[in-house]
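# Inside the fold
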Amino acid sequence: MITVVHRRYVPYSHAHYAGNLVDGAYSLGLFGDVATEVCIRLDGDEGLFASYDDVQFKAPVQAGDVLEITATVVKMGTRSRRIAFESRVVCRGSGGSSAQVLDEPIVAVIATGTVVVPPKP
């Protein structure tokens, strides 16, 4: 099918909890962004997010991290696209301006969801 990958630095302004933790909704917002690109590439339209079937928070995301967000279409209907999402920490911030590239990315969030696009003319 198709896989789209985005990378995003998590700014300190998004830290919401002690220890510079970022809320889980941050990754869900990034899933929406990458799903939009999937729809544009496949259908020439931004589409609409219809639902999440499953969301699992596996590891914390912290301010100063760099996330790699992957969306892979796993099923296509006439107007719907089922997508598997993964958010991985590829660089971990260690406070201030220092960070390190991780040898093995940390899977932070996984989900599956459905987007819909307008009917083809």
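Located above this text is the structure these notes cover.
Residues numbered from 1 in each chain as written. Predicted model: local features only at pLDDT ≥ 70, side-chain atom pairs only at ≥ 80, totals over all residues. Heavy atoms only, no water.

## A short note on the overall build of the protein chain
Helices and strands together make up the secondary structure of the protein chain, namely one helix and seven strands. Ordered by position from the N terminus, the helices and strands of the protein chain form the series β-β-β-α-β-β-β-β. The principal-axis extent of the C-alpha atoms belonging to the protein chain is close to 50 × 25 × 20 Å. Taking all 121 residues of the protein chain together, the buried fraction comes to 37%. Sequence-distant contacts, at least 24 apart, represent 69% of the contacts inside the protein chain between residues at least 6 apart. (Helix = DSSP H or I, 4+ residues; strand = E, 2+ residues; numbered from the N terminus. Buried < 20%, exposed > 50% of the residue type's maximum accessible area, 1.4 Å probe, protein only. Contact = heavy atoms within 4.5 Å.)

## A short note on the nonpolar core
Residues V38, L67, I83 and F85 are the most contacted members of the largest nonpolar core, which totals 25 residues. Elements with a contribution of two residues or more to this core: α1 (25-43), β5 (66-76), β6 (80-93) and β7 (99-116). Broken down by element, the residue count for this core peaks at seven residues, all from α1. (Core = buried A, V, L, I, M, F, W, Y, C linked by side-chain atoms within 4.5 Å.)

## Some points on α1
A rise of 1.5 Å per residue sets the reference length of α1, with its 19 residues, at 27 Å; its end C-alpha atoms lie 26 Å apart and thus fit the reference within 8%. When α1 is considered as a whole, its buried residues turn out to be Y26, S27, L30, F31, V34, A35, V38, C39 and D43. The inward-facing, buried residues of α1 abut β1 (3-9), β3 (21-22), β4 (48-57), β5, β6 and β7. Phi for G44, located one or two positions after α1, is positive at around 70 degrees. (Expected span 1.5 Å × (residues − 1).)

## Thoughts on the packing of aromatic side chains
The final tally for this structure, using the stated rule, is four aromatic pairs. Three or more aromatic residues joined by ring pairs form one cluster here, namely F31, F49, Y52 and F85. (Phe/Tyr/Trp six-rings, centres within 6.5 Å; stacked < 30°, edge-to-face > 60°.)

## As for the pattern of salt bridges
Side-chain pairs of opposite charge can arise whenever the charged atoms involved come near each other. Summed over the entire model, instances satisfying the criterion amount to nine salt bridges. The residue E68 makes a salt bridge to R7 at a minimum N-O spacing of 2.7 Å. In this pair, E68 sits in strand β5 while R7 sits in strand β1, placing the two residues 61 residues apart along the sequence. Exposure remark for E68: the relative accessible area of 13% places this residue in the buried category. Judged by its relative accessible area of 54%, R7 falls in the exposed class. (Salt bridge = Lys/Arg side-chain N within 4 Å of Asp/Glu carboxyl O.)

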